[in-house]
Amino acid sequence: MSLEDNYLITVGLEVHTELRTKTKLFCGCANEFGAEPNTNTCPVCLGLPGSLPVVNRKAVEYAMRIGTALNCEIKHSVFHRKNYFYPDMPKDYQVTQYDEPTCINGYIELPITGKVVNIVRAHIEEDTGKSTHIGTSGRITGADYSLVDYNRSGIPLVEIVSAPDMVSGEEAREYVSELRSILVATGATDGKMEEGSLRVDANVSVRKVGTDELGTRCEIKNLNSLRSLVRAITYEARRQMEIVDGGGKVTQETRHWNEDLGRTSSLRSKEEAYDYRYFPEPDLSPLDPSVEEIEAIKANLGALPPKRRAALVELVGDSPSKSEIEQIQTVINFDLDDLIFAGIEKGVPAKLSLARCANEVAGLITGLDESYLVPSEKLLEVLVKESLGELTPTQSKAVLARVVADRAIDVAALIAELGFVASSSDEMDSLVGEIIAESPSEWERYLSGEDQLAGFFVGKAMKKSGGKANGKLVSKSLNDRRSQIQG
Amino acid sequence: MSDAQFVEMSAVDIAAGVRSGAFSAVEVVTAHLKQIESYDHEVKAFVTQMSDRALEAARAVDEKRARGEELGALAGVPVALKDNMAYRGVETTCSSKILRGWIPPYTATVVERLEAAGAIAIGKTNLDEFAMGSSTENSAFFPTRNPIDLNRVPGGSSGGSAASVAARFAPIAIGSDTGGSIRQPASLCGVVGVKPTYGLVSRYGLIAFASSLDQIGPFARSVEDSSLVLDVISGHDERDSTSLSGRSYDHQASDGGIEGLRVGVITEMMDGLSDSVNKALAQAIESLRSMGALVDEVSVPAAKFGLTAYYLIAPAEASSNLARFDGVRYGLRVEGKDMNETYELTRGQGFGPEVKRRIMLGTYALSAGYYDALYGKAQKVRTLIANDFDAAYSNYDVLISATSPTVAFEFNAKSDPLSMYMSDVCTIPSNLAGHPAMSVPFAGDEDGLPIGIQVLAPSFGESVMFKVASALEAAAKYRAVPQWASTEK
């Protein structure tokens, strides 16, 4: 029996998500990623003496949308100051929410395992600036000097705290992935982990199988991708198991995940933990959303991933395969479900459009500008042609790539330009006629039932057409001719 | 019109004269700049003088008039600004070494409103470092002297602003009041000082000491002038979330007599007054009665806990507000071997002893395990104080007390912090309650040192407060005169 068999893992996650408001949480500076350092700043987000915060109403609305989508109660809430010194925090306190957060007591259901993960709270807070430590360590300790970019200072965040309901790195990944798609669907965030709009801290503990009391936990910081999340949790759980198994005790502490080394290391112990001296932020009034406001947010939320997923599952059939469930997840993450429903109207099988959307289109639009609009009509035109056999799967994929790259492109003209026009059934049929005339003995054998000779004709057709023939149409033509002859 | 006449003139008269063209803003400003040149080396009210800018602004007002444009309510009126208000392009220090050299890239809302009304900023005045103190001796640069008696303190923390009005450097000045920092120096310098209702005046651009208590207000040599300035600076500001929408103060509303008004004398503030102050309070009561007011003693029981609650809440907020002075972005920076040492050296050398004391007090009050017993309890006391005041106001239109238990004291007379804190025992409760209160000069002691009477009112009760203050002003037989003017006589 391995060590892992003797221990249970408990994971709780704190997910920070940046809200996609036009301006920051407490001032009018632009909320954008990638601007020249320290250009999106003003007296307020630089914390200059005498400046005061004013709450961005849109940020509060987004937080309430998130809470509603996570089945939370929306409450009267109070901003607090969290006091600690750090150079990228211009006021040396962070404005956040403490014992009265905007959203409490929610849950989400994981799509693959069906497990329910409880949400303890979701609260609003401001982001800090971004430090870059110059020197070999890459951390502030031992750095030659540090650079600070305050563009991120004051960007609105919602921190979503889960209950310690997950039992593995994989389950944590599934939670974050589902959470991310719900967050994106609310319109409150773009969910881009690679740009830091979604950041995860993980609380991990282990206990022996057969015991109830949770072990001492460690909090892992700096998990910036789903891959890091799984690796870090797996590593940390194993580390704790080894300590406990060796008769030792896990020390409660904050640990840093080093992606390159693939391991966690101590950042600060419980004794070194900050006393944040929280107290109500005197420069801001409490938030007191009315019942009407809360109801309006509920009403305007639209269909969320769980509901959309159920609709797609129904299209695919009774018991979708694991890969189909994953495809459905991707389609929802990329907001492509309308395309699949539109395809059904035009006779495109759900499984075909699901596969193309999840495996091709999603990949193609990854990394494109946020404002990119998917050319649904044109993509649908391609899928229709493929379902009618006018394009081979290979051709269809090539055309989809070009259509995504150039939204203005004319699909028919593109197919002509690529030479895929040769694939029309009439042309294939006359091509087959030519080949039959050239190969009478093979044709006789085919007619007498040697089906494997279809491959010979497809090969010939490919050769004659310079690779542009449609194998499916060639086979269809052969079959049609034989049926006609044999009545 | 002579320079001597200009420096004695009220803001109301200056604005009227400039608007009518009886004299120019440049003449007014020049006269005040000369007064500063003659006497500020003795008073030391200013940390930074703004003479060139002031003359330029005065010329702009005169040109505006020449073009036939409408002039504001404070056209050509010089104003001194406490040096904890941001002014774009002008060094703003809070009288602290840690901010020396800091030039704000923006201007406080109050200052913008004053300038929009035609007022002319002539300088930034000295204060107890970060507004923490009651004598202006805690300025990191130099103490300011009381113009009425140069051997005594002007009070604080807005000592420079109070002194500049008393010294005729400006007819009006702006201060901030967290626990009495406008009213107490007004009392000690023989001028009018007003702390408005919390939220009536925008705090945007005021460098915070204790955010939930700080309020900006005017100094003047007459109640009418102070009322006019409050009219100009009050009103909602979208940049300050605690400024109340739909609320501003109307200068015109404070006219009228006090016959039949119910005035309560706060019992808890009658203890510990010096003889001369006690006598002045008794005279004030008599005067109000003789003008037809109904004056009684009234108890505001929780007020006696004000000082204790204040010295938990104000330092707690200050410990957080002053965290940003860390040497990373602006002001003083003393390099250490690493980040923590840089913080320690910068703050260790940049802050004076009183500021450090309060940061430590406040940090302690907010610490895990102490919060409920200290900060939490102080907040409850605060609610009790507001409730007790409200109960008193159900029977009284205004309340009165002495502003300060004593007249202006000599330098270094209160080296023990606690005895200094006692200077604000009568003024602190209004800040905790968020209510308006003002000091009006009413009497002089046997040495001619000024004594102010405090008039307190419920939230947004400024009109009735000014009415009663005007009555006291009319009844007063005393007028504070600078030491050099009285000795010349």
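Keep in mind that this is a model prediction, so the values were computed, not measured.

(A) Examining the overall build of chain B more closely. For chain B, the count of helices and strands is 17 helices and 11 strands. For 489 residues, the compact-globule estimate of 2.2 N^0.38 gives 23 Å, and chain B sits close to it at 21 Å. The principal-axis extents of the C-alpha atoms in chain B amount to approximately 65 × 55 × 45 Å. A burial count over chain B gives 63% of its 489 residues as buried. Counted over contacts in chain B with a minimum sequence separation of 6, partners at least 24 positions apart contribute 76%.

(B) Broad picture of the overall build of chain A. Each helix and strand counted, chain A has 15 helices and 14 strands in total. With the C-alpha coordinates aligned to their principal axes, the bounding extent of chain A is approximately 90 × 55 × 50 Å. Residue pairs in contact within chain A that sit at least 24 positions apart in sequence constitute 70% of those at least 6 positions apart.

(C) Molecular detail of helix α12 (residues 353-366) of chain B. Taking 1.5 Å per residue as the helical rise, α12(B) with its 14 residues ought to reach 20 Å, and the 20 Å between its terminal C-alpha atoms agrees with that figure. Looking at the buried positions of α12(B), the neighbouring elements they touch are β14 (279-280) of chain A together with α10 (306-321) and α13 (372-393) of chain B.

(D) Quick peek at the sheet that holds strand β2 (residues 73-74) of chain A. Reading across from one edge, β2-β5-β6-β9-β1-β10-β11-β12-β13 (chain A) is the order of the nine strands in this open sheet, with mixed pairing throughout. Lying at the two open borders of the sheet, with one neighbouring strand each, are β2 and β13 (263-269) of chain A.

(E) The interface of chain A and chain B, seen in detail. Of the residues lining the interface, 26 residues belong to chain A; the matching set on chain B comes to 32 residues. Classifying every residue of the side of chain A that touches chain B by side-chain character gives 16 nonpolar, four polar and six charged.

(F) Fine view of the domain arrangement of chain A. Along its sequence, chain A is organised into domain 1 (3-298), domain 2 (303-422) and domain 3 (424-486). Once you take the C-alpha centre of each, domain 1 of chain A and domain 3 of chain A turn out to be 62 Å apart.

(G) Broad picture of the sheet that holds strand β6 (residues 215-220) of chain B. Residue and element names in this part refer to chain B. Strand order across the open sheet formed by 11 strands is β1-β3-β2-β4-β6-β5-β10-β11-β9-β7-β8, with mixed pairing between neighbours. Unpaired on one side and paired on the other, β1 (46-49) and β8 (294-298) mark the two borders of the sheet. Looking at each pair of strands side by side, their axes are set apart by 30° on average, direction ignored. Relative to strand β11 (residues 450-456), strand β10 (residues 437-444) runs antiparallel, the two sharing seven bridges. The residue bridging Ala437 from the neighbouring strand is Leu456, located in β11. Packing against the sheet, helix α3 (residues 25-43) makes contact with β1, β2 (78-82) and β3 (120-125), and its axis sits at approximately 20° to β3. Contacts from helix α9 (residues 275-290) reach β7 (262-266), β8, β9 (398-402), β10 and β11, with the element oriented near 55° to β11.

(H) Region of interest: the environment of Ala73(B). Residues and elements named next belong to chain B. With respect to the helices, strands and loops of the structure, Ala73 is situated in the loop between α4 (51-66) and β2. Judged by the 20 C-beta atoms lying within 10 Å of it, Ala73 is buried. Here Ala73 is in contact with Ala15, Ala117, Leu228 and Val232, once residues within four sequence places are set aside.

(I) Highlighting the pairing of β9(B). Residues and elements named next belong to chain B. Burial of β9 is extensive: five of the five residues sit out of reach of the surface. Pairing of β7 with β9 involves three bridges; the strand directions are parallel. Among the inter-strand pairings, Val265 is bridged to a residue of β9, identified as Ile400.

(J) Up close: unusual backbone geometry. All names here are of chain B. The step from Gly156 to Ser157 runs through a cis peptide bond, and the omega angle for that step is 10°. Considering the arrangement of structural elements, one finds Ser157 in the loop between β3 and α6 (159-166). Notably, Phe130 is not glycine yet its phi reads approximately 55°, a positive angle. Mapped onto the secondary structure, Phe130 falls in the loop between β3 and α6.

(K) Layout of the environment of Ser430(B). Residue and element names in this part refer to chain B. Relative to the assigned elements, Ser430 resides in helix α15 (residues 428-433). Among the residues examined, Ser430 registers 30 C-beta atoms within 10 Å and is labelled buried. Remark: the alpha-carbon pair of Ser430 and Arg333, spanning 97 residues in sequence, is separated by 37 Å. Setting aside anything within four residues of it in sequence, one finds Ser430 in contact with Lys195, His435, Ala437 and Leu456.

(L) Representation of the packing of helix α8 (residues 223-233) of chain B against helix α16 (residues 462-475) of chain B in the model. Residue and element names in this part refer to chain B. Relative to each other, α8 and α16 sit at 160°, their axes nearing to 9 Å. By the angle between their axes, α8 is roughly antiparallel relative to α16. As α8 packs across α16, the resulting crossing turns out to be right-handed. For the pair α8 and α16, contact is made by Val223, Ser227 and Leu230 and by Glu462, Phe466, Ala469, Ser470 and Glu473, respectively. In terms of residue class, the contact of α8 with α16 is made up of four nonpolar, two polar and two charged.

(M) Representation of the nonpolar core in the model. Counting residues in each nonpolar core, the largest one holds 168 residues, and the members touching the most others are Val79(B), Ile120(B), Val398(B), Val455(B) and Val468(B). The greatest single-element share of this core, amounting to nine residues, is contributed by α3(B). Each residue touching Val79(B), except ones within four places of it in the same chain, is listed here: Leu114(B), Ala119(B), Ile120(B), Ala121(B), Ile122(B), Ala170(B), Ile172(B), Ala173(B) and Ile174(B). Membership of the second largest hydrophobic core comes to 64 residues, among which are Tyr62(A), Ala122(A), Met166(A) and Leu198(A).

(N) Spotlight on the environment of Gly154(A). Residue and element names in this part refer to chain A. Here Gly154 shows up in the loop between β8 (145-149) and β9 (156-162). Considered as a pair, Gly154 and Cys29 are 125 residues apart in the sequence and their alpha carbons are 8.9 Å apart. Gly154 has contacts with Lys24, Leu25, Phe26, Cys27, Cys29, Cys45, Glu126 and Asp127, leaving out every residue within four places of it along the chain.

Definitions and limits used
- Residues numbered from 1 in each chain as written.
- Chains lettered and ligands numbered in written order.
- Predicted model: local features only at pLDDT ≥ 70, side-chain atom pairs only at ≥ 80, totals over all residues.
- Helix = DSSP H or I, 4+ residues; strand = E, 2+ residues; numbered from the N terminus.
- Rg over C-alpha atoms; globule rule 2.2 N^0.38 Å.
- Buried ≥ 20, exposed ≤ 12 C-beta atoms within 10 Å, placed from the backbone.
- Contact = placed C-beta atoms within 7 Å.
- Expected span 1.5 Å × (residues − 1).
- Pairing = 2+ DSSP bridges.
- Nonpolar A, V, L, I, M, F, W, Y, C, P; charged D, E, K, R; others polar.
- Domains from an automatic or database assignment.
- Axes fitted to C-alpha atoms, helices over the stretch in contact; angles between N-to-C directions.
- Parallel < 35°, antiparallel > 145°, perpendicular 65-115°, else oblique.
- Left-handed = near helix turned anticlockwise from the far one by under 90°.
- Core = buried A, V, L, I, M, F, W, Y, C linked by C-beta atoms within 7 Å.

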